[in-house]
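Structural characterization, general
Each chain, written out:
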Amino acid sequence: LSVKGLSPRNLAMPKAKAAKAKGKGEKSPQKWRMKGELDGSSTEKAPAQRSRIREARYSGLVTEWRGYMGWLQPFGKVDHAQASQHWGLIYVNQRDLAVGTTTPKMKEGMVVDFFVYTDTDGLGAEDVRSLSALRVTLSHSEAKTLLRNNSPHWSEYLTNSEYYLGLSRDLGVMVRKYTWPNAFVVLELWGGRKDLAKAAVSHMTSAGGGQGDRRLQLLLPEDLVDKVEHLPGKPKVSTHAVLERPVACRSLILEAPENECEEAVIAFLDAMEKR
């Protein structure tokens, strides 16, 4: 699932940034082209010596992808002397995708996590993993309680939304809130399937009708309703769309004990990614 509203840009330096760089007399960053393209040679060169800047993962957004290389915008600050190079973007090559992550899955708008390394050309990403997305709906009062004491952050690539780094660290998943005027709040979570299930059920559910049941409300794209017929967790799908943009979505309600609810979320994510 890719982030809606992301405007793809050419992999070459964006015009606005090119004009800005030209006006300041700055050189275009060579990493906008593959090594070997810089001097017109197609000969494969040995990779530059690299070292990780820390043994902890960062998360970020794929802002450019050409099929074999691209650029990531990290969420949060990367504390390194080279972090300001290339307008704060981090280089990624298909060779550095994690095992099990195939190139066709990488595309602009995806959220990923990765280690950051440094070499003579600047910062790059390695062991890059694509993350799953889960969209949860909450009442305005529930969302206010959840987001209390957390400061929002904004990105030029994430339109009509804000994200919460502090809450993301606490929950172990990326938390993005859409700012559309609706009768409810849409939260988009990015992470591994098990982490998403645990975060959603532990922090975004209300008491269900049965003893010990939890109630979780998700968004389901209207064209994928047939994918959830046999999910665990007694799913209930609304008869009409509750959201029309960026795609028409129905409401899917899971109501079950906590463990079953988590299993249902994982099954739901599996069904959505087999579209």
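If you're wondering where the values come from, they're calculated on a predicted model, not measured in any experiment.

Moving on: the packing of aromatic side chains. Enumeration over the complete set of coordinates arrives at four aromatic pairs. Consider the rings of Trp71 and Tyr91, whose centres lie 5.7 Å apart with planes at 70 degrees: the pair is edge-to-face. Taken together, the positions of Trp71 in strand β3 (residues 69-74) and Tyr91 in strand β4 (residues 90-93) put the pair 20 residues apart, joining distant regions of the chain. Tyr91 carries the same exposure label as Trp71, and that label is buried. Ring plane angle 50 degrees and centroid distance 4.8 Å describe the contact between Phe75 and Tyr163, whose orientation is recorded as tilted. Placement of Phe75 in the loop between β3 and β4 and of Tyr163 in strand β8 (residues 161-163) is noted, with a sequence separation of 88 residues between them. Using a relative accessible area of 6% as the deciding quantity, one classes Phe75 as buried. One Lys or Arg, Arg50, reaches over the ring of Tyr117 and ends 3.7 Å from the middle of that ring.

The element strand β9 (residues 174-178) is extensively covered by neighbouring structure, given that four of its five residues are classed as buried. Of the strand pairs in this sheet, β8 and β9 are connected by three bridges, and their pairing is antiparallel. Bridge pairing links Tyr163 to Arg176 in β9. In textbook terms, the turn of a hairpin is the stretch between consecutive antiparallel strands, and for β9 and strand β10 (residues 185-191) this stretch comprises six residues.

With that settled, the discussion passes to the packing of helix α4 (residues 193-203) against helix α5 (residues 258-273). Relative to each other, α4 and α5 sit at 130 degrees, their axes nearing to 9 Å. Our classification of the angle between α4 and α5 gives oblique. Classified by chirality, the crossing of α5 by α4 is right-handed. When α4 is examined against α5, the residues Arg193, Lys194, Leu196, Ala197, Lys198, Val201 and Ser202 are found in contact with a partner set consisting of Glu258, Cys261, Glu262, Val265, Ile266, Leu269, Asp270 and Glu273.

Every second residue of β4 is oriented toward a common face, with Ile90 and Val92 on one face and Tyr91 and Asn93 on the other, all of them buried. Pairing geometry for β3 and β4, over four bridges, is antiparallel. Its bridge partner lying in β4, Leu72 is registered against Ile90. Pairing of β4 with strand β6 (residues 122-130), which is carried by two bridges, proceeds in the parallel orientation. Directly across from Val92, in β6, lies its bridge partner Ala125.

Turning our attention to the pattern of salt bridges. Scanning all chains against the criterion turns up 13 salt bridges. With its nearest N and O atoms 2.6 Å apart, the salt bridge here joins Arg135 to Glu188. Here Arg135 is found in strand β7 (residues 132-138), whereas its partner Glu188 is found in strand β10, with 53 residues between them in sequence. Residue classification places Arg135 among the buried residues on the basis of a relative accessible area of 18%. We note a salt bridge from Arg193 to Glu273, for which the minimum N-O separation is 2.7 Å. Placement of Arg193 in helix α4 and of Glu273 in helix α5 is noted, with a sequence separation of 80 residues between them. Because the salt bridges share partners, they merge into one network encompassing Arg50, Arg52, Glu55, Asp96 and Glu126.

About the cut-offs
- Residues numbered from 1 in each chain as written.
- Predicted model: local features only at pLDDT ≥ 70, side-chain atom pairs only at ≥ 80, totals over all residues.
- Heavy atoms only, no water.
- Phe/Tyr/Trp six-rings, centres within 6.5 Å; stacked < 30°, edge-to-face > 60°.
- Helix = DSSP H or I, 4+ residues; strand = E, 2+ residues; numbered from the N terminus.
- Buried < 20%, exposed > 50% of the residue type's maximum accessible area, 1.4 Å probe, protein only.
- Lys NZ or Arg CZ within 6 Å of the ring centre and 35° of its normal.
- Pairing = 2+ DSSP bridges.
- Axes fitted to C-alpha atoms, helices over the stretch in contact; angles between N-to-C directions.
- Parallel < 35°, antiparallel > 145°, perpendicular 65-115°, else oblique.
- Left-handed = near helix turned anticlockwise from the far one by under 90°.
- Contact = heavy atoms within 4.5 Å.
- Salt bridge = Lys/Arg side-chain N within 4 Å of Asp/Glu carboxyl O.

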